[in-house]
Amino acid sequence: MNMPSPAAAPAPGARRVAVLGGGQLGRMFVHAAQVAGLRVTVLEPDPASPAGAAANHHLAAAYTDPAALEVLAAQCAAATTEFENVPADALRHLARHIAVSPPADAVEVCQHRAREKACFLAAGVPCAPFAVVDSDATLAGAACAGLLPGILKTATLGYDGKGQVSVDSAQALAAAWQQLGRAPCVLEKRLPLAHEISVIVARNRDGRSVHLPVQQNLHRDGILAVTQVPAPDLGADLAEQAVASARRLADTLGYVGVLCVEFFVLADAGPEGRLVANEMAPRPHNSGHYSIDACDLSQFDLQLRTLMDWPLPMPRLHSPAVMLNLLGDLWFDDAAATTAREPDWPAVLALPGVRLHLYGKAAPRRARKMGHLTVTAATAAEARAVALQAAARLGLPPF
Ligand code: ADP
Ligand code: MG
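Residues numbered from 1 in each chain as written. Chains lettered and ligands numbered in written order. Predicted model: local features only at pLDDT ≥ 70, side-chain atom pairs only at ≥ 80, totals over all residues. Heavy atoms only, no water.

### Considerations on the domain arrangement of the protein chain
Item 1. Per the domain assignment, the segments of the protein chain are domain 1 (16-110), domain 2 (129-189) and domain 3 (193-394).
Item 2. Put simply, the middle of domain 1 and the middle of domain 3, counted by C-alpha atoms, are 23 Å apart.
Item 3. Taken together, the 27 residues of domain 1 in the interface contact 28 residues of domain 3.
Item 4. Among the residues domain 1 hides against domain 3, the three largest losses belong to Gln-24, Leu-25 and Met-28. Together they make up 25% of the total.
Item 5. At the boundary of domain 1 with domain 3, the tally comes to one salt bridge.
Item 6. When the shortest N-O distance is used, the salt bridge between Arg-283 and Glu-84 registers 2.7 Å.
Item 7. Linking domain 1 to domain 3 there are four residue pairs in polar contact (both at pLDDT 80 or more).
Item 8. In terms of residue count, the dominant contributor to the side of domain 1 that touches domain 3 is helix H1 (residues 24-35) (seven residues). (Domains from an automatic or database assignment. Contact = heavy atoms within 4.5 Å. Buried area = accessible area lost by both parts, 1.4 Å probe. Salt bridge = Lys/Arg side-chain N within 4 Å of Asp/Glu carboxyl O. Polar contact = N/O pair within 3.5 Å; in protein donor to acceptor, adjacent residues only side chain to side chain. Helix = DSSP H or I, 4+ residues; strand = E, 2+ residues; numbered from the N terminus.)

So this is what it looks like as C-alpha cells:
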C-alpha cells in the first residue's frame, strides 16, 4: 500500500486544537487536551452533543462546511477526528493548512470493510475468509465460496452490529442482500469464537509506535458490554501476536494517531491460526476507555501526543481494570417501560474503585451508549469481583 507521508507536526506552543465529531470519544479527547492546557474547538452539526458541551468552542456546522473548515484552519494548530465516518475530504482539506492525524487515506481504508480487509492481507494479518458482494455475479460467487453459514455486512457505515445479517443458505444470503438495499457488502464466514480482544496502538510521525495492554471484550447483541484488562483468557504468545499485528497494520497504513484493531480468538486453530483480525477503528475505541483510570497515559492522551508530536513513551497499566458499558436500557425498568428514570448510581458509587463516566446525553434510548464505569483494584480478581457486584446492583447480567 502506497500511503503519502503525513502532514507536518504543529509548531511548538500551540494553543488550540480541533476535533471533528461531537460524540463521547470527542468529549474525552477534549478533557485530555484541556488537562494539557489546550483549548479545543469541536466541529459537530448537532447543537447538543457530548463533545460540543465540553469544548471551549463548538462550531455547529457540517464537517465539510467550507467556512467552518476555514475557521479551524485559521484558529487551530492541529485537527483530529473522533469517528471514522468523517468525510475524508474534510481531513484532506485541513491537512493542506494544519497538522492532521489520523491521515485521511488511512481513515478511508477503515471506513470500508473491503479496503480494510485488503489492508489486512497487505500487512500479512489473517482475517475471516470473505468475499465482496456488490453485484448479482459476486452474490452468486459468494454463495458457493464455502462461506456459509456467514455474516453479510455492509461495506460502509456499520457499527454496534448494525448493517449485518446472519445467513446460512444461498437463499438467505440473496434475501439479506435485498434487505440491505443491495448496498456493497462483504460476506464473512461465521467463525467459532473463543474470545474477542482488541489492541490500541499509537504511532508518531517518525513511525515509532506504542500500545496499550491487550483488552478482552464481551459483546452482547453486537454491542460492547464488558472489557477486562489484563485479558483473563489470553496467553502471552497470542497477546504478543495481536500487538505485533496491530503495529504492522499501523505501519502499513502509514498511520499517525491512535488505531484500535479488534481480533477474534478462535475456539480451534484454523488454517490462519487462532488469531484473526476483525476490524479497525482510526480513533480511540470504547474498549480503551479503561485506560483513563487504569493507565498512566490514556488512549486520549495518546491521541493528543501523536497529534501534537509530543514524546510517546510506552504507556503502563497501573491497575487491573474492568469496564462496564452503560447503555440507555439501564434507564428503563424493563423492556415494556416507556418512561426513563435515573439508575441507582449511589449503589455503585459506594463500591471501592468505581469511577462513573457519563457522557451528558439528554435522552436515554435503548442500545444508546450513555456512559461507562471502570473498576480498578489491586488485583484482577478484586476488580472482577467488584465489577460483578456493580453489574448486579445496576441489573446488568454477570460476565
Ligand atoms: P461492528 O462494526 O458492528 O462492531 P463487527 O464486524 O465488529 O461490527 O461485528 C460485531 C460483532 O459480531 C463482533 O464483535 C462479533 O461478536 C460478531 N461477529 C462479527 N463477525 C463475525 C464472524 N465472522 N464470525 C463470528 N462472529 C462475528
Ligand atoms: Mg466491531
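Continuing now.
### A short note on the coordination of the magnesium ion (ligand 2)
Item 1. The coordination sphere of the magnesium ion (ligand 2), as far as protein atoms go, consists of Glu-262 (OE) and Glu-279 (OE), spread over 2.0 to 2.5 Å. Here Glu-262, found in strand E14 (residues 257-270), pairs with Glu-279, found in strand E15 (residues 273-281); they are 17 residues apart in sequence, far enough to count as distant. (Donors = N, O, S within 2.8 Å, 3.2 Å for Na, K, Ca; no water.)

### Details of the packing of helix H7 (residues 136-143) against helix H8 (residues 170-179)
Item 1. In contact at an axis separation of 10 Å, H7 and H8 are set at 145° when each is read in the N-to-C sense. Read as a crossing pair, H7 and H8 show a hand that is right-handed. Note on element contacts: H8 touches H7 through Ala-170, Leu-173, Ala-174 and Trp-177, opposite Asp-136, Leu-139, Ala-142 and Ala-143.
Item 2. Considered class by class, the residues forming the contact of H7 with H8 number seven nonpolar, no polar and one charged. (Axes fitted to C-alpha atoms, helices over the stretch in contact; angles between N-to-C directions. Left-handed = near helix turned anticlockwise from the far one by under 90°. Nonpolar A, V, L, I, M, F, W, Y, C, P; charged D, E, K, R; others polar.)

### Notes on the packing of aromatic side chains
Item 1. According to the stated counting rule, one finds two aromatic pairs in the structure shown.
Item 2. Plain terms: the ring middles of Tyr-63 and Phe-83 are 5.1 Å apart, the flat faces sit at 50° to each other, and that makes the pair tilted. Remark: Phe-83 occurs in the loop between strand E4 (78-81) and helix H4 (88-95) and Tyr-63 occurs in the loop between strand E3 (57-59) and helix H3 (66-75); sequence separation between them is 20 residues.
Item 3. Residue classification places Tyr-63 among the buried positions, given a relative accessible area of 15%.
Item 4. Relative accessible area serves as the criterion here: at 22%, Phe-83 is assigned to the partly exposed category.
Item 5. Note on Trp-331 and Trp-345: the rings are 5.5 Å apart at their centroids and 70° apart in plane angle, and the pair reads as edge-to-face. Residue Trp-331 is found in the loop between strand E16 (321-327) and helix H12 (345-349), and its partner Trp-345 is found in helix H12; the two are separated by 14 residues along the sequence. Of the two residues, Trp-331 and Trp-345, both sit in the buried class.
Item 6. Across the ring face of Phe-130, the terminal group of Lys-117 is positioned such that the distance to the ring centre comes to 5.7 Å.
Item 7. Across the ring face of Phe-332, the terminal group of Arg-366 is positioned such that the distance to the ring centre comes to 4.2 Å. (Phe/Tyr/Trp six-rings, centres within 6.5 Å; stacked < 30°, edge-to-face > 60°. Buried < 20%, exposed > 50% of the residue type's maximum accessible area, 1.4 Å probe, protein only. Lys NZ or Arg CZ within 6 Å of the ring centre and 35° of its normal.)

### Regarding the sheet that holds strand E8 (residues 164-167)
Item 1. Ordered in space as E6-E9-E7-E8, the four strands form an open sheet in which the pairing is antiparallel. Whereas interior strands pair on both sides, the edge strands pair on one side only; in this sheet they are strand E6 (130-133) and E8. Recorded for the sheet is a direction-independent mean angle of 20° between the axes of neighbouring strands.
Item 2. Where strand E7 (residues 150-154) and E8 come together, four bridges link them in antiparallel fashion. Counterpart to Lys-153 in the pairing with E8 is Gln-164.
Item 3. Relative to E8, H8 is tilted by about 170°, and along the sheet it contacts E6, E7, E8 and strand E9 (185-189). (Pairing = 2+ DSSP bridges.)

### With respect to the site of ligand 1
Item 1. As a structural note, the neighbourhood of ligand 1 is formed by 19 residues, with Lys-153, Gly-161, Gln-164, Glu-196 and Asn-278 the closest of them.
Item 2. Lys-153 is positioned with one of its side-chain polar atoms (N or O) 2.7 Å from an oxygen atom of ligand 1.
Item 3. Between ligand 1 and the protein, one listed contact pairs a nitrogen atom with a backbone N or O atom of Lys-189 at 2.9 Å.
Item 4. Listed by contribution, the elements that provide at least two residues to the shell around ligand 1 are E7, E9, strand E10 (193-203), E14 and E15.
Item 5. The residue inventory of the shell around ligand 1, partitioned by class, reads five nonpolar, five polar and nine charged.
Item 6. In this structure, the shell around ligand 1 is formed jointly by two domains, domain 2 (129-189) and domain 3 (193-394), each of which donates at least three residues. (Near = heavy atom within 4 Å.)

### Here we look at the sheet that holds strand E5 (residues 99-100)
Item 1. The strand order across the open sheet formed by five strands is E3-E2-E1-E4-E5, and the pairing between neighbours is parallel. Looking along the sheet, the strands with just one partner apiece sit at the ends: E3 and E5.
Item 2. The pairing of strand E2 (residues 39-43) with E3 spans three bridges and is parallel. Counted as the bridge partner of Leu-43 is Leu-59 from E3.
Item 3. The strands touched by H1 are strand E1 (16-20), E2 and E4; relative to E1, the strand with the most contacts, the crossing angle is about 170°.
Item 4. In the packing of H3 onto the sheet, contacts are made with E1, E2 and E3, and the angle to E2 comes to roughly 165°.

### Some remarks on the environment of Gly-26
Item 1. Looking at the element boundaries, Gly-26 is found in helix H1.
Item 2. Linking Gly-26 and Ala-131, residues 105 residues apart in sequence, is a C-alpha distance of 34 Å.
Item 3. Filtering out sequence-adjacent residues up to four positions away, Gly-26 remains in contact with Val-19, Ala-51 and Glu-82.

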